[in-house]
Amino acid sequence: MNIFEEAIQTRRKFHSRPEEGWTEFETSYLVADRLKTLGWKVAVGLDVIDAEAVLGRDPELVQKAMKRAASQGVPAEFLERTNGYTGVIGTFDTGRKGPKTAFRFDMDCVQVQESNDENHLPVKEGFASQIPGLMHACGHDGHTALGLSLARWIGENKDELCGSFVLIFQPAEEGTRGAAPIAAKGWVDDVDYFFAGHCGMYCQKGEIGICSGGFFATSKLDIRFTGVPSHAGAFPERGRSALSAACSAVMMMQGISRTSQGDSRISIGKLTAGEGRNVTPVHALIQLETRGETEEVNEFLVNNVRNILKGAAEAYETKYEIKIVGHATSLMTTPKGVELLKKTASLVEGYGKVRTFDRVGGSEDATVLFKRAVEHGADGAFFMWGVNNQGHHKPDFDLQDVETMPPAILFCQNLVKQTNGINKN
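Report on the accompanying structure.

Rules of the game
- Residues numbered from 1 in each chain as written.
- Predicted model: local features only at pLDDT ≥ 70, side-chain atom pairs only at ≥ 80, totals over all residues.
- Heavy atoms only, no water.
- 1 Å grid on protein atoms, 1.4 Å probe; cavity = no way out; pocket = protein on both sides within 12 Å on 5 of 7 lines; lining within 4 Å.
- Points joined across faces, edges and corners; volume = space filled by probe spheres on them.
- Helix = DSSP H or I, 4+ residues; strand = E, 2+ residues; numbered from the N terminus.
- Nonpolar A, V, L, I, M, F, W, Y, C, P; charged D, E, K, R; others polar.
- Salt bridge = Lys/Arg side-chain N within 4 Å of Asp/Glu carboxyl O.
- Buried < 20%, exposed > 50% of the residue type's maximum accessible area, 1.4 Å probe, protein only.
- Core = buried A, V, L, I, M, F, W, Y, C linked by side-chain atoms within 4.5 Å.
- Contact = heavy atoms within 4.5 Å.
- Lys, Arg positive; Asp, Glu negative; His and termini not counted.

## Side note on empty space enclosed by the protein
Taken as a whole, this structure holds 1 cavity of 30 Å³ or more when the rule is applied. Estimated volume of the largest cavity: approximately 40 Å³. What lines the largest cavity is Phe103, Arg104, Phe105, His143, Leu146, Ala196, Gly197, Phe383 and Trp385. Within the residue set of the lining of the largest cavity, elements represented by two or more residues are β3 (100–106), α6 (140–156), β5 (193–199) and β12 (379–385). Here the element with the most residues in the lining of the largest cavity is β3; it accounts for 3 residues. Here the residues of the lining of the largest cavity are counted per class, giving 6 nonpolar, 2 polar and 1 charged.

## As for the pattern of salt bridges
Where charged atoms of side chains with opposite charge meet at close range, the side chains can pair. All chains considered together, the criterion is met by 23 salt bridges. A salt bridge links Asp401 to Arg11, with the shortest nitrogen-to-oxygen separation between them at 2.9 Å. Of this pair, Asp401 sits in helix α12 (residues 401–420) while Arg11 sits in helix α1 (residues 3–16), and the two are 390 residues apart along the sequence. For the pair shown, Asp401 and Arg11 are each scored as buried. The salt bridge partner of Arg240 is Glu317, with a shortest N-O separation of 3.5 Å. Of the two residues, Arg240 sits in the loop between β7 (217–226) and α8 (242–253) while Glu317 sits in the loop between α9 (295–315) and β10 (319–328), which places them 77 residues apart along the sequence.

## Let's talk about the nonpolar core
The biggest cluster of nonpolar side chains holds 93 residues, and the ones touching the most others in it are Leu150, Ile154, Phe169, Phe194, Trp385 and Phe411. Beyond its immediate chain neighbours, meaning those up to four positions away, Phe169 contacts Val31, Leu35, Gly87, Val88, Phe105, Met107, Thr144, Gly147 and Leu148. The next biggest cluster of nonpolar side chains, apart from the first, holds 20 residues, and it includes Ala246, Met253, Leu288 and Val305.

## Some points on the side chain of Asp222
Topologically, Asp222 is positioned in strand β7. No salt bridge forms around the buried Asp222; measuring N to O, its nearest opposite-charge neighbour Arg224 is 5.2 Å away. Those residues in contact with Asp222, other than ones at most four positions away along the chain, are Leu285, Ile286, Gln287, Glu321, Ile322, Lys323 and Val325.

## Digging into the environment of Gly98
For Gly98, the position within the fold is in the loop between β2 (88–93) and β3. The exposure class of Gly98 is partly exposed, given its relative accessible area of 38%. It is 3.6 Å that separates the C-alpha atoms of Gly98 and Gly163, two residues lying 65 residues apart in sequence. Beyond its immediate chain neighbours, meaning those up to four positions away, Gly98 contacts Cys162 and Gly163.

None of the figures reported here should be taken as evidence of function without further support.
Next comes the structure, spelled out in structure tokens:
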């Protein structure tokens, strides 16, 4: 089977078995097994991540996912080896002196119920999600398959390459949770080049985008208020309402001042509270995120949130707890990394249009790895490979893999030729 056909088949396998962040045990096993077959050294679990830097991991959800993976044939030996933590890193040394080049590919899905429309390609071709409520609606199935195709190509072309490679198959990109513990483990501290990419986003089929910057720094926060119960009719004065404190905080957070230092965003996506109609609400949960054009702008928002929560808790005589469950920074790249991507794009026939971006607006936790790599001396930049999409995280999202994955694969191959080719210009 040629490399394009295999990548498409692999992508469709991943698409049918989507797994959310920190539960990607089936995916991790398939990645690790394929890398080993291709002759790569493989690290998994706590050899990949620093557990103390992990964000937003639900142990109960992890245990359920491990049982599900076992029921799907993932060996007990592999599951034990993970220590309950997903993520795979493959390393390959050509045996010749040269640069060390790293790529990041994310593996997790999103919490979306996939469309059952008969015109939706995964339905039509029989590879739609088999897991209710979960779907690869952001294209990470394609990212992971792209990484494995690159691993195969590097192994098959090692005689024309020099130096070494690190392929990072990252868990939990959604919610910006998985990059930080890999960075903390030091995997990109000694690389010469670091690259990451994403399908779609602002690029349609036939286009490729080169990002020199523009991702927003972000923090994902879970906030819990705890009040005091009382019978709302008989003894209302004895209660302390967590719901009232939370509502007050929400309204004040919407009014946080903008800053002249850059664009800012605050999104309060969820508020749940209360026990019953006639009980003073004891518990309230707010899930929100902040985003800033720079790390400093994002921190400005987070500090304001902290002050508001403290004030609301004091005003309503409740307790509160803040937990950061995800974080990413702004994108740090280098001019050399950007130019390498531009030159590579010009070599791929499948991309008739090369677009450049210094402003994106979304967030991406590969930024944490970029920051670590660049601060340790690496060059790198971020790319987008085009697919026709009307927005990510939607039930009808699709990659058009037969048409879009081959040029993305060629792009990565040509990039490696630029960084690690023996006869590179």
